[in-house]
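Survey of secondary and tertiary structure
Take a look at the letters that make up each chain.
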Amino acid sequence: PYFDFCMSWEDEQGGRQQFFRELNSVESTPELTWIYDAARHKYAILKHAQAGIDSAKNDEEIKPLVWPASYDDLVWIHVGDDLAFDVGGSSACGAKTILVELPKSLGQTAPFRFDTSIKQPAWSTTTKQELEARIKMNEAAKELVTVEINSMERLPIAINQILRDEL
């Protein structure tokens, strides 16, 4: 039971057209935390609902949640393959991060998507300017990686390292 819930940015992207326009601008820094703020909010709703169930059983009053004072001390771990968006965005919201860098032999393209020295795939519509902007964002996010793994078999080990504070 490693995961309490899953959330996808596709589920929460309504009204985010400006976000995607900002990604194309080297001059601006896109706001990368919105999906992680939404995940934290979803967690609060789930926790509040559980508190309601528990308090109804014990005939107690439900206390409102206020970030961060009345959340809890559980560890939030975000697992992703994108330095800028997964690591940069989630760590800005307080998450520990696990970067998944699968080998090229497994068909993983994440490490190669933002390299101007490698020919981009035929399906890519990313401009050189966009690539250079993402390279800068990725460089800034490297120091925010808590654990890096190269296979999904290592995920439980990485999670346990974070939970045991063995880093």
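As a reminder, the structure under discussion sits directly above these lines.
Residues numbered from 1 in each chain as written. Predicted model: local features only at pLDDT ≥ 70, side-chain atom pairs only at ≥ 80, totals over all residues. Heavy atoms only, no water.

**Quick word on the sheet that holds strand β1 (residues 77–80)**
Let me state the cut-off plainly: Two strands are counted as paired when DSSP detects at least two bridges linking them. What counts as a helix is a DSSP run of H or I of at least four residues, what counts as a strand is a run of E of at least two, and both are numbered from the N terminus. Each axis is a line fitted through C-alpha atoms, taken for helices only over the stretch in contact, and angles between the N-to-C directions span 0 to 180 degrees. Here, two residues are considered to be in contact whenever any of their heavy atoms come within 4.5 Å of each other.
Strand order in this open sheet of three strands is β1-β2-β3, and the pairing throughout is parallel. The sheet terminates laterally at β1 and β3 (147–149), the two strands that pair on one side only. Sheet twist, expressed as the mean angle between neighbouring strand axes with direction ignored, is 20 degrees. The sheet contact formed by strand β2 (residues 96–100) and β3 spans three bridges and is parallel. Of the residues in β3, the one forming a bridge with I98 is V147. On top of the sheet, helix α3 (residues 83–92) reaches β1 and β2; it is set at about 170 degrees to β2, its chief contact.

**What to know about the side chain of S91**
Our working definition: Polar contacts here mean pairs of N or O atoms no more than 3.5 Å apart (in protein, one a potential hydrogen donor and the other a potential acceptor; neighbouring residues in sequence count only if both atoms are side-chain atoms).
Structurally, S91 can be placed in helix α3. A polar contact of 2.8 Å, which involves the side chain of S91, links it to the backbone oxygen of V87. Here the side chain of S91 touches G88 through a polar contact of 3.4 Å, landing on its backbone oxygen. Excluding residues within four positions of it along the chain, S91 makes contact with T97 and L144.

**Quick word on the side chain of R134**
Cut-off, in case you're wondering: Residue burial is assigned from relative accessible area. The probe radius is 1.4 Å, only protein chains are included, and a residue is buried under 20% of its type maximum, exposed over 50%, and partly exposed in between.
Locating R134 in the fold gives a position in helix α4 (residues 128–141). You can call R134 buried: its relative accessible area is 11%. A polar contact of 2.6 Å, which involves the side chain of R134, links it to the side chain of D82. Among all residues touching R134, those that are not within four sequence positions of it are D82, A84, F85 and F114.

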